Structure formats: C-alpha cells, structure tokens
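One letter stands for each residue in the lines below.
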Amino acid sequence: MSGKEGTVVFEFLMGVEFLLLLVLVGVSGATGYAANHLKYVGESESSFRLWLKAAKVGVYIGTALIMVWALDIMIIFENYGWLFIMDRVLNLLPLLSLPAAIVLIFALPNLSREANKKSLLFFIVSVHVMTVGAVLAFFLVTIDIPAIPNTKDLLIYGGALIISAGLLWLYHGRRIRILEKRLPRFSIRIIRGAVYFVLVFVVAITGLVVSQRMSEFPGRMNMVHHHTADFGGGDSSLDENTNAHHDDHDSNSDSKPISVVELKGPQTDIPDKKYVLYAETKKIRLASGETIEAWTFNGQSPGPELVANEGDLVEVRLVNKNIDSGVTIHWHGVDVPNGEDGVPGMTQDAVMPGESYTYRFVVNEEGTHWYHSHQQSSIQVQKGLFGAFIIHPSSQHETKTMDTTIVAHDWITPDGRNIPALDTADTFQRKMVNPGTPVRLRLVNAGNLTRTFSLNGVPFKVVAIDGFELNEPGTLTTSLLRIGGGGRYDVEFIMPDTAVTLAMLMEGKPIGIVYSPDGHGKQNVLDEGEVLDITKYGSPAQTPFNTSTVFDRTFTLILDQTYFGVYNGEAGQQWVINGKTFPDTPTLMVKEGDLVKTTFVNRSFADHPMHLHGHHVQVISKNGKPISGSPLVLDTVNIEPGETFEVAFLANNPGLWMDHCHNLDHAQKGMTMHVAYENVYTPFAIGSETVNSPE
C-alpha cells in the first residue's frame with residue numbers, strides 16, 4: 001500500500017492505537033478503583049458483589065481493548081512491515097498482556113466472597129499492576145518512544161512494572177490488615193484520595209520542571225557527540241579519533257586529525273563567478289499589496305539568482321549589514337567541501353553585523369539548487385534569507401529557451417498570518433510566451449510543508465529532480481507533483497498557442513502563473529489527478545547501487561513524534577529520530593570510501609524531507625520494493641507517513657555533516673543528526689555562550 005491511500009490508512013491506524021491506549025488507561029483506572037473498593041465493603045455481601053462485578057467488567061473491557069490494539073498492530077505489520085511495530089511488540093505488548101493474563105488466569109478465578117485475604121490482595125494488586133502497565137504503554141507511545149527496542153528499555157520498563165507490583169503488594173497488604181480492625185469514615189477516604197491526587201500532581205509538575213531544566217543545552221557544546229555514535233555494523237575503531245577536539249586527540253592515532261577549517265575550496269585561484277551578498281532587513285511587498293518585514297540578500301527575497309557553469313570556481317562574499325542574530329550561507333544540494341558548508345558551530349562561526357565571510361568552492365554538479373542561511377534557519381529562511389543557485393552543464397549550448405526559476409515560500413505577516421506565495425506572488429500572475437518556445441520551469445520549495453503543483457493545458461515532462469537529470473522521462477498530462485521542503489523539480493514543455501496554467505494547490509484558493517501567447521490567458525487549474533510516483537517514472541539505467549550491493553555500513557532511522565516532551569527547556573510536541581532528539585540522535589560514523597545504506601522509516605503523522613549535507617543519495621527502494629523508473633539521485637528525500645525509503649551514498653566528502661529534516665520547524669525541535677568521518681574534528685561550538693544557533 002502506497003501513495004495517498006497508504007498515508008491515510010497509516011494515519012488512521014496510528015490514531016486508532018492512540019485512542020485505544022487512552023481509553024485503556026481510563027478503563028484500567030476505573031477498574032483499579034472498583035477493585036480497591038473491595039477492601040472497604042466489610043461484612044456487606046451486596047457491596048462486595050457489586051464492586052467485584054464492576055471490577056470484572058473493567059477487566060473484560062480492558063482485555064478486549066488490548067486485543068483490539070493487538071489486531072490494529074497486526075494490520076500495521078501486514079501493510080507496513082516490522083519496523084513500524086517492533087517497539088510495540090517488544091516493549092508495549094509485555095506491559096499490556098502479561099498483567100492482563102495474570103488477572104484473567106490466576107487472580108480472577110480464585111476470588112469470591114469466601115476467598116482468603118491473600119486471594120483478595122492478589123486480585124487488587126494484579127488489577128493495579130494492569131493499570132500501571134497501561135499507563136507505561138501510553139507513556140511510551142506519547143512521550144518516550146523507544147523506536148528501536150534494546151535491553152536497557154526492557155529492563156527499565158519491565159523493572160518499573162515489577163517494582164510497582166512489589167510496592168503495591170506491601171501497601172495493599174498493610175491496608176487490608178488495618179481495615180480488618182476498623183473501617184475509616186467515608187470523609188476520611190475522600191481526604192486520603194485528595195491527598196494522593198495532590199501528591200501525584202505535585203510530583204508530575206516537579207518532574208516537568210526538572211525535565212525542562214535538565215534538557216537545557218549547556219552554554220557551550222559540540223554538535224557531534226561520541227555517546228551517540230552508530231557504526232552501522234562497520235569498523236568501530238574510528239571512534240577513538242573522530243570529532244574529538246584538537247586538544248583531546250589520541251596521541252597514539254596513526255592518522256592525523258583534520259579540522260573542518262582545512263577542508264576548504266581553492267583559496268588562491270581566480271574565481272570564474274564572483275558574487276557579493278548583503279544580508280539586511282527590508283520591507284518587501286507581495287503581489288497582493290501585503291507588506292512583509294523581511295530579511296533579505298541584496299534587498300530582495302528571494303535573493304539574487306546565482307548562476308554558474310559546471311566546473312566553475314565560485315566565490316561568494318557574505319556581508320551581514322544588520323541581522324542581529326548573525327547569518328551564514330548553506331549551499332543546498334551542492335556538494336561543497338566541508339569547510340564551505342555554512343553551518344554555524346560546525347564549519348564556521350555565524351557572521352555577525354558588520355562582519356563578512358567568503359565562500360569559495362568548485363561546483364562539480366549541475367542543475368537547480370538553492371542557498372539559504374543555516375543560522376536559526378527555521379526563523380531566517382522563513383523571513384526571506386534564501387535564493388536560487390542554478391548550475392548549467394559545461395556542455396550546454398545557447399538555445400532560445402524560456403528558463404525560469406519559481407520559488408514556493410510561506411510569508412508571515414506582522415499580525416501572524418501565513419501567506420503562501422511563488423516568489424513574492426501570492427495571487428495568480430500572467431506572463432507572455434511565444435508559441436513553440438521550449439519552456440523550463442525550475443520549481444523550488446523553500447518552505448517547510450510539502451507542496452503540490454499541477455500543470456494544465458500542455459503535455460510536459462519532469463526532466464530533473466534535485467538537479468539530477470532523469471533518464472527518459474515520460475510525457476505527463478494530469479499528474480500532480482508533490483515537492484517536499486527543500487526539494488526541486490525541473491519541468492519542461494513546448495509552449496502551445498493556448499494558455500498553460502501552473503498552480504500550487506492548497507486548501508482554499510490556489511495560486512500560480514498563467515502562460516499564454518498574449519499574456520492575458522485565462523487560468524484553468526487542474527486540481528485533481530494522481531500524484532506522480534517518482535520511483536516509477538522514467539526508464540531504468542545502470543546505477544552504482546542496487547538491492548544486491550554489499551554495504552560497509554547500514555543504518556536504520558525511525559522518524560517519529562512524541563505527543564509531549566521537553567527539548568532545550570521547552571515543553572511540547574517533539575520530532576524524534578530513533579526515539580531521541582538532538583543532541584541524543586544518532587551520529588552516523590563513516591570512513592572515506594565506505595558504501596553506506598540508510599533506511600528511513602516514517603512512523604509519524606507528518607512528512608519529513610530528510611536532507612544530508614555534502615552528499616547526494618541514490619534511492620534504492622520505496623516501501624520494500626526496488627524503484628522501477630529512472631535512477632533517483634537526491635539531496636532531499638521526502639518521506640511521507642507510513643513510507644520506508646532505502647537510500648545509499650558513497651562516503652567521498654570528508655567532514656562533519658548535518659543530516660536533518662528540512663521542515664525546519666522539525667529540525668528546530670530536535671530532528672537533526674550528523675554524519676561524521678574518521679579523524680575529522682571541529683574547533684567550533686554551539687550554545688548560549690557562542691554566537692552559533694544551527695538548525
């Protein structure tokens with residue numbers, strides 16, 4: 001199951017799981033309340049039978065909920081695979097099923113009015129342990145997702161269940177002995193319950209405050225950490241040297257440690273292309289007349305379109321005129337040397353007001369790319385610090401082609417409204433194109449959300465994705481194009497003598513451009529169609545990697561979400577990789593020359609366009625099936641809910657590289673990890689004591 005249907009079904013099944021566990025917590029709590037009342041009925045036969053019946057009903061309903069939950073998990077497994085349920089089976093299933101089985105098989109059959117006090121105690125404790133198991137399972141699903149189960153998790157949560165059973169046995173045993181002598185008044189029981197409630201509330205609030213404080217980043221820290229190293233089944237000896245600070249290297253190492261500042265482009269050669277970008281605040285006006293308080297390059301947003309030819313040495317001088325928080329430039333989709341990557345705290349310090357910084361690198365690829373600030377990028381990109389970067393093939397000849405770049409972005413007004421736009425056009429625009437003209441539209445998504453485009457009125461082809469030319473792309477007419485955050489599609493067609501409508505589809509009113517021979521064509525939006533599956537589009541060709549390739553390192557990365565958590569002192573929803581947020585996310589350790597395979601599994605309710613700096617990845621398979629179309633070489637892989645992607649790359653660009661979700665709000669909330677090469681370190685750091693805030 002794939003595509004929109006697969007996403008909808010997956011989200012439904014995961015929503016069902018959440019509701020089932022939430023209801024189970026409530027039912028288990030009510031059942032525990034009923035069981036607890038069996039201690040207080042004294043000699044009353046009718047009261048005992050009433051509360052026992054209530055407890056039995058609760059146990060049966062709870063068991064039924066667990067069985068429905070197990071069925072839901074089985075359906076997820078059948079449609080999406082083991083990686084989507086492994087933590088449920090290995091962590092949640094024991095927490096839910098074992099206490100319920102003990103209640104049903106051992107505790108409940110032996111309980112009656114005439115049963116001894118030990119049987120009553122056993123029943124009450126086992127029902128309450130069932131409640132504890134339900135609470136722990138709900139906690140795991142909503143707050144502390146384990147993602148990839150391990151012995152530590154099993155010991156922690158299994159131990160918590162066992163310890164709770166022991167404490168409950170001691171507590172209820174003591175209470176039963178006390179109640180044999182004297183039953184408390186109802187008012188005393190109410191007060192006792194209120195005290196327990198207040199105590200739990202105070203403990204919860206205290207835990208939240210402590211967690212917030214403990215989650216705060218130190219004033220200064222490295223971006224890459226040894227304790228999160230994942231060697232992907234490969235040689236782990238590089239752990240001794242990789243990313244240690246230059247003062248802390250192992251003196252016995254055979255390899256000389258390399259600083260990221262040494263991994264630079266040519267510094268003395270004369271550049272083929274030279275640009276200066278001034279970062280400054282400026283008001284810009286959208287097509288609708290709306291005024292935006294923007295951050296710009298050279299007074300405009302998108303910034304100036306940088307153009308180069310394959311093989312050019314490019315020099316870009318960044319001057320920060322008045323961006324108080326500092327600024328950098330990252331070259332999205334361009335595999336620059338690590339020291340030119342523009343990540344503050346990793347490859348440089350942020351450029352503060354009045355300062356400048358020069359980037360120099362040779363472009364060894366071609367196609368549609370873009371550049372943007374990587375300092376506080378969830379804020380700075382949204383405010384306008386981005387622009388297109390077009391690299392033409394070295395063999396390209398001059399042709400009479402209309403070649404235009406269109407950047408999708410979401411602007412925020414001073415009063416907080418979100419305005420989607422193409423460049424600065426938030427309304428339909430009209431442009432004149434002569435019939436017979438070859439047209440190339442370079443669609444760039446500089447926003448966080450996945451955007452859907454349609455092209456109506458002409459047959460067209462998607463000729464490149466993320467700057468990589470597709471092999472023998474087929475002709476399309478009604479296909480919709482979904483572009484994840486940071487991604488790019490190049491579309492080509494021959495202009496007809498009738499109007500052509502490019503539209504960005506959204507809830508409500510679409511926006512776009514109408515191309516026509518006279519510049520006054522009527523818009524005709526195609527708002528329905530099947531989304532193009534890029535893994536089945538075009539024709540196969542020889543590739544470096546396939547499903548039979550033997551890899552040096554293999555990594556599995558589970559993309560997920562918590563419903564509540566704390567991150568760097570803030571509470572709220574978190575976006576996690578393998579159950580963790582940065583800086584506890586995996587560090588993928590590699591050596592130069594390694595063949596690396598990464599499996600991405602999206603178990604969350606949102607798209608995650610995963611972007612690896614400094615490298616392009618080849619898509620091997622989607623949802624367990626090898627791709628059947630053109631080879632796909634991407635720098636940003638958009639993974640929708642319920643999808644699994646296998647991608648591979650050659651570790652051929654030494655450095656320390658970010659690998660993060662390009663929904664930059666997700667990255668800002670912790671969905672960031674790194675790829676670290678052997679013996680490379682950085683002298684830079686992040687934290688409140690530095691000027692660096694990468695996202």
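Basis of the calculations
Per chain, residues are indexed from 1 in the order of the written sequence. Given that the model is predicted, a residue must reach a pLDDT of at least 70 before its local features are reported, and side-chain atom pairs must reach 80 or more before they are shown or counted; all residues, however, enter totals for whole chains, interfaces and linings. As a rule here, side-chain values cover all heavy atoms of the structure and leave hydrogens and water aside. Here a strand is any run of E in DSSP of at least two residues, a helix any run of H or I of at least four, and the numbering for each starts at the N terminus. The quantity called the radius of gyration is restricted to C-alpha atoms. Its globule counterpart is 2.2 Å times the number of residues to the power 0.38. Summary of the burial criterion: residues with accessible area below 20% of their type's maximum are buried, those above 50% are exposed, and those between are partly exposed, where the area comes from a 1.4 Å probe applied to protein chains only. The contact criterion used is simple: two residues touch if any of their non-hydrogen atoms lie within 4.5 Å. Per-residue accessibility takes into account occlusion by the displayed protein chains alone, with areas from the Shrake-Rupley method and a 1.4 Å probe. Positive charges come from Lys and Arg, negative ones from Asp and Glu, while His and the chain ends are left out of the count. Where a charge lies is defined by one atom per residue type, namely NZ (Lys), CZ (Arg), CG (Asp) and CD (Glu). Just to be clear on terms, a salt bridge is a Lys or Arg side-chain nitrogen sitting within 4 Å of an Asp or Glu carboxyl oxygen. Any pair of N or O atoms that falls within 3.5 Å is considered a polar contact. Within protein, one atom must be able to donate a hydrogen and the other to accept it, and sequence-neighbouring residues count only if both atoms are side-chain atoms. DSSP calls a pair of strands paired once it identifies at least 2 bridges connecting them. In this description, a line fitted to the C-alpha atoms serves as the axis of each element, helices being fitted only across the stretch in contact, and the angle between N-to-C directions of two axes falls anywhere from 0 to 180 degrees. We call two directions roughly parallel when the angle between them is under 35 degrees, roughly antiparallel when it is over 145, roughly perpendicular when it lies between 65 and 115, and oblique otherwise. Note on convention: the crossing is left-handed when the near helix lies turned anticlockwise from the far helix by less than a right angle, right-handed when the turn is clockwise. To estimate the expected span of a helix, count its residues, drop one, and scale the result by 1.5 Å. Residues are sorted three ways: Asp, Glu, Lys and Arg are charged, Ala, Val, Leu, Ile, Met, Phe, Trp, Tyr, Cys and Pro are nonpolar, and all the rest, Gly among them, are polar. Centre distance within 6.5 Å is the pairing criterion for rings of Phe, Tyr and Trp, where only the six-membered ring of Trp is used; planes under 30 degrees apart are then read as stacked, over 60 as edge-to-face, and the remainder as tilted. In our convention, an over-ring charge means Lys NZ or Arg CZ found within 6 Å of a ring centre and within 35 degrees of that ring's normal.

**Structural notes on the overall build of the protein chain**
Logical step 1: A tally of helices and strands in the protein chain yields 8 helices and 34 strands.
Logical step 2: Against the compact-globule benchmark of 26 Å for 695 residues, the protein chain has a radius of gyration of 30 Å, which places it among compact chains.
Logical step 3: If one aligns the C-alpha atoms of the protein chain with their principal axes, the spans along those axes are about 100 × 65 × 55 Å.
Logical step 4: The buried share among the 695 residues of the protein chain stands at 53%.
Logical step 5: Taking all contacts inside the protein chain whose residues are at least 6 apart in sequence as the whole, residues at least 24 apart take part in 78%.
Logical step 6: Taken as a whole, the protein chain presents about 29900 Å² of accessible surface, with 56% of it coming from carbon and sulfur.
Logical step 7: Taken together, the 52 basic and 73 acidic charged side chains of the protein chain have centroids lying 13 Å from each other.

**Quick look at unusual backbone geometry**
Logical step 1: Across the junction of serine 301 and proline 302, the peptide omega takes the value -5°, indicating a cis bond.
Logical step 2: Here proline 302 is to be found in the loop between β4 (291–297) and β5 (303–309).
Logical step 3: With omega at 10°, the peptide bond leading from phenylalanine 582 into proline 583 counts as cis.
Logical step 4: Summarising the element assignment, proline 583 is placed in the loop between β23 (570–577) and β24 (587–590).
Logical step 5: Positive phi, normally seen in glycine, also occurs at aspartate 466, with a value near 55°.
Logical step 6: With respect to the helices and strands, the residue aspartate 466 is situated in the loop between β16 (461–465) and β17 (468–469).
Logical step 7: A positive phi is found at glutamate 472, a non-glycine position, where the angle reads about 50°.

**Points about the pattern of salt bridges**
Logical step 1: All told, the structure shown has 27 salt bridges when counted by the stated rule.
Logical step 2: A salt bridge links lysine 264 to glutamate 340; its shortest N-O distance comes to 3.8 Å. Here glutamate 340 lies in the loop between β7 (330–332) and β8 (356–362) and lysine 264 lies in the loop between β2 (258–259) and β3 (273–285), a separation of 76 residues in the sequence.
Logical step 3: Taking relative accessible area as the criterion, lysine 264 reaches 28% and is therefore assigned partly exposed.
Logical step 4: Of the residues examined, glutamate 340 reaches a relative accessible area of 0% and is grouped as buried.

**Points about the environment of glycine 655**
Logical step 1: Counting through the fold element by element, glycine 655 comes out in the loop between β31 (644–650) and β32 (656–661).
Logical step 2: Residue classification places glycine 655 among the buried residues on the basis of a relative accessible area of 0%.
Logical step 3: A sequence separation of 632 residues divides glycine 655 from valine 23, and the C-alpha atoms of the two residues are 49 Å apart.
Logical step 4: Residues within four places of glycine 655 in sequence aside, it is in contact with Leu263, Asn338, Val675, Ala676, Tyr677 and Val680.

**As for the side chain of histidine 172**
Logical step 1: The residue histidine 172 is located in helix α5 (residues 151–181) in this model.
Logical step 2: Engagement of the side chain of histidine 172 in a polar contact is seen with the side chain of lysine 39, the distance being 3.0 Å.
Logical step 3: Within the structure, the side chain of histidine 172 is placed 3.0 Å from the side chain of histidine 128, a separation counted as a polar contact.
Logical step 4: Not counting residues within four places of it along the chain, the set of residues in contact with histidine 172 comprises Asn36, Lys39, Leu121, Ile124, Val125 and His128.

**Thoughts on the sheet that holds β4**
Logical step 1: Across the sheet, 4 strands lie side by side as β4-β3-β6-β8; this open sheet has mixed pairing. At either end of the open sheet lies a strand with only one pairing partner, and these are β4 and β8. Averaged over neighbouring strand pairs, the angle between their axes works out to 20° when direction is ignored.

**Brief notes about the packing of helix α2 (residues 45–80) against helix α3 (residues 86–107)**
Logical step 1: The interhelical angle for the contact between α2 and α3, taken along N-to-C directions, is 155°, at an axis separation of 10 Å. The angle between α2 and α3 places the two elements in the roughly antiparallel class. Between α2 and α3 lies a crossing whose hand is left-handed. Residues Val59, Tyr60, Thr63, Ile66, Trp69 and Ile73 of α2 pack against Arg88, Leu92, Leu93, Leu96, Ala100, Val103 and Leu104 of α3.

**Quick word on the side chain of aspartate 490**
Logical step 1: Counting through the fold element by element, aspartate 490 comes out in strand β19 (residues 488–494).
Logical step 2: Apart from residues no more than four positions distant in its own chain, aspartate 490 is found in contact with Thr368, Arg440, Leu441, Arg442, Lys461, Val462, Val463 and Ala464.

**As for helix α4 (residues 117–142)**
Logical step 1: For α4, with 26 residues, the first-to-last C-alpha span of 37 Å sits near the 38 Å given by 1.5 Å per residue.
Logical step 2: The buried count for α4 comes to 20 of 26 residues, which makes it a mostly enclosed element.

**Some words on α5**
Logical step 1: With 31 residues, α5 extends 45 Å between its outermost C-alpha atoms, agreeing within 8% with the 45 Å of an ideal straight helix rising 1.5 Å per residue.
Logical step 2: Along α5, the residues classified as buried are Asp153, Tyr157, Leu161, Ser164, Leu168, His172, Gly173, Arg175, Ile176 and Leu179.

**Focus on the sheet that holds strand β20 (residues 500–505)**
Logical step 1: Read from one edge of the open sheet, 5 strands run β13-β21-β20-β15-β18, paired in mixed fashion. In this open sheet, the two strands that pair with only one neighbour each are β13 (429–432) and β18 (481–483). Each strand of the sheet is rotated relative to its neighbour by a mean of 20°, with strand direction disregarded.
Logical step 2: Two strands pair when backbone bridges link them, and β13 and strand β21 (residues 511–516) are joined in this way by 4 bridges, in the parallel orientation. Bridging from a neighbouring strand, glutamine 429 pairs with isoleucine 513 of β21.

**Observations concerning the packing of α4 against α5**
Logical step 1: Close contact between α4 and α5 brings their axes to 9 Å; oriented N to C, the two are set at 145°. α5 is crossed by α4, and the crossing has right-handed handedness.
Logical step 2: Of the residues assigned to the contact of α4 with α5, the class counts are 17 nonpolar, 5 polar and 3 charged.

**As for the packing of aromatic side chains**
For any pair of aromatic rings, geometry is given as the distance between the ring centres together with the angle between the planes.
Logical step 1: Applying the stated criterion to the full structure yields 18 aromatic pairs.
Logical step 2: Relative to phenylalanine 84, the ring of tyrosine 80 lies with its centre 5.7 Å away and its plane at 55°, an arrangement referred to as tilted. Here the two residues tyrosine 80 and phenylalanine 84 agree in accessibility, since each one is buried.
Logical step 3: On the basis of an interplanar angle of 65° and a centroid distance of 6.4 Å, the ring pair of phenylalanine 361 and phenylalanine 389 is categorised as edge-to-face. Taken together, the residues phenylalanine 361 in strand β8 and phenylalanine 389 in strand β10 (residues 386–392) connect sequence positions 28 residues apart. Of the two residues, phenylalanine 361 and phenylalanine 389, both sit in the buried class.
Logical step 4: Among the aromatic residues, ring-to-ring pairing joins Phe297, Trp331, Tyr357, Tyr359, Phe361, Tyr371 and Phe389 into one connected group.
Logical step 5: Over the ring of tyrosine 278 we find lysine 321, and its NZ or CZ is 5.8 Å from the ring centre.

What is shown is where atoms sit, not what they do.
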